[in-house]
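Descriptive analysis of the structure
This is what each chain is made of:
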Amino acid sequence: MRSRRVLSAAVLAAALAWPAAAQEKKAERKTMGGAQVSSITATVEAIDSANRVLTLKDPDGSVTDVQVPESVKRFSEIKVGDHLTIRYTEALVVEVRKADPTAKLGTTMDSGIERKAGEKPGAVVSQTIHSTVEVVSTDMKAPSITVRSADGNTHSFRIQDAKNLEGVKPGDHISITYKEALAIQVSAPPAAPAK
């Protein structure tokens, strides 16, 4: 199955992941310090330099075309056969505090990109999101929280420290800060064994 993804400058490689169902099956998932980390490695099968499109093949043979934005400065250094490793750390709430009950629900976001030096391109794209939301439920055992955002959608997050949930109850308006990060590393293919 082949699909096409367009990368946004802010979330550079989030779109390098395959469709969610396929990603669950193929990506290696680990839990580290409360955060869920997924990683996958794909091989560059073809490069359309004029249109800035990479054709990537995952370990199961699925092929995805990825259009890479102009903000990726070292695109020309990627070669057919290179391996592209993507590591995604899912959102982890690092702060929960009660908001003014009359505060409007809403979100602000800070994004950053840290380019890695080296022979091949690499970068870490991160986002810190600050939201005023309404509490739907809390789970002290996980620990996690489910909230309703300004658009009416519900979202669940792991909490780094369960103490952040003390005194928080459904219906409360709270301010939360959560983080997510995506690391991308391009590497040359392994050398063929000597015969």
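To start, this report covers the structure provided alongside it. (Residues numbered from 1 in each chain as written. Predicted model: local features only at pLDDT ≥ 70, side-chain atom pairs only at ≥ 80, totals over all residues. Heavy atoms only, no water.)

**Things to note about the overall build of the protein chain**
Along the protein chain, the regular secondary structure elements total 1 helix and 11 strands. Going from the N terminus to the C terminus, the protein chain shows its helices and strands as β-α-β-β-β-β-β-β-β-β-β-β. The proportion of buried residues among the 195 residues of the protein chain is 37%. Considering only residue pairs separated by 6 or more positions, the protein chain has 65% of its internal contacts joining residues 24 or more positions apart. Taken as a whole, the protein chain presents about 10,900 Å² of accessible surface, with 51% of it coming from carbon and sulfur. (Helix = DSSP H or I, 4+ residues; strand = E, 2+ residues; numbered from the N terminus. Buried < 20%, exposed > 50% of the residue type's maximum accessible area, 1.4 Å probe, protein only. Contact = heavy atoms within 4.5 Å. Areas by Shrake-Rupley, 256 points an atom, 1.4 Å probe, with all protein chains shown as cover.)

**A word on the pattern of salt bridges**
Pairing between side chains of opposite charge can happen when the charged atoms of each approach one another. All told, the structure shown has 4 salt bridges when counted by the stated rule. Across the salt bridge formed by Arg-74 and Glu-77, the nearest N and O atoms sit 2.7 Å from each other. Taking the relative accessible area as the measure of exposure, Glu-77 reaches 30% and is therefore partly exposed. Here Asp-82 ties to Lys-120 by a salt bridge, and the two come within 2.9 Å at their closest N and O atoms. Taken as a pair, Asp-82 in the loop between strand E5 (63–67) and strand E6 (83–98) and Lys-120 in the loop between strand E7 (106–115) and strand E8 (122–139) lie far apart in primary sequence, 38 residues in all. Taking the relative accessible area as the measure of exposure, Asp-82 reaches 2% and is therefore buried. Among the ionic contacts, a cluster of salt bridges with common partners joins Lys-98, Lys-169 and Asp-172. (Salt bridge = Lys/Arg side-chain N within 4 Å of Asp/Glu carboxyl O.)

**What about unusual backbone geometry?**
The bulk of non-glycine residues show a negative phi, and the bulk of peptide bonds are trans. Following Ala-142, the chain continues to Pro-143 via a peptide bond in cis, the omega torsion being -25 degrees. For Pro-143, the position within the fold is in the loop between E8 and strand E9 (144–148).

**Describing the pairing of strand E4 (residues 53–57)**
Counting buried positions along E4 yields 4 of 5 residues, so the element is predominantly enclosed. The pairing of E4 with E5 spans 5 bridges and is antiparallel. Paired with Val-53 across the bridge in E5 is Gln-67. Hairpin connection between E4 and E5: a loop of 5 residues separates the two successive antiparallel strands, and Gly-61 in this loop has a positive phi of roughly 95 degrees. (Pairing = 2+ DSSP bridges.)

Everything listed here is a matter of coordinates, which is why it stays silent on function.
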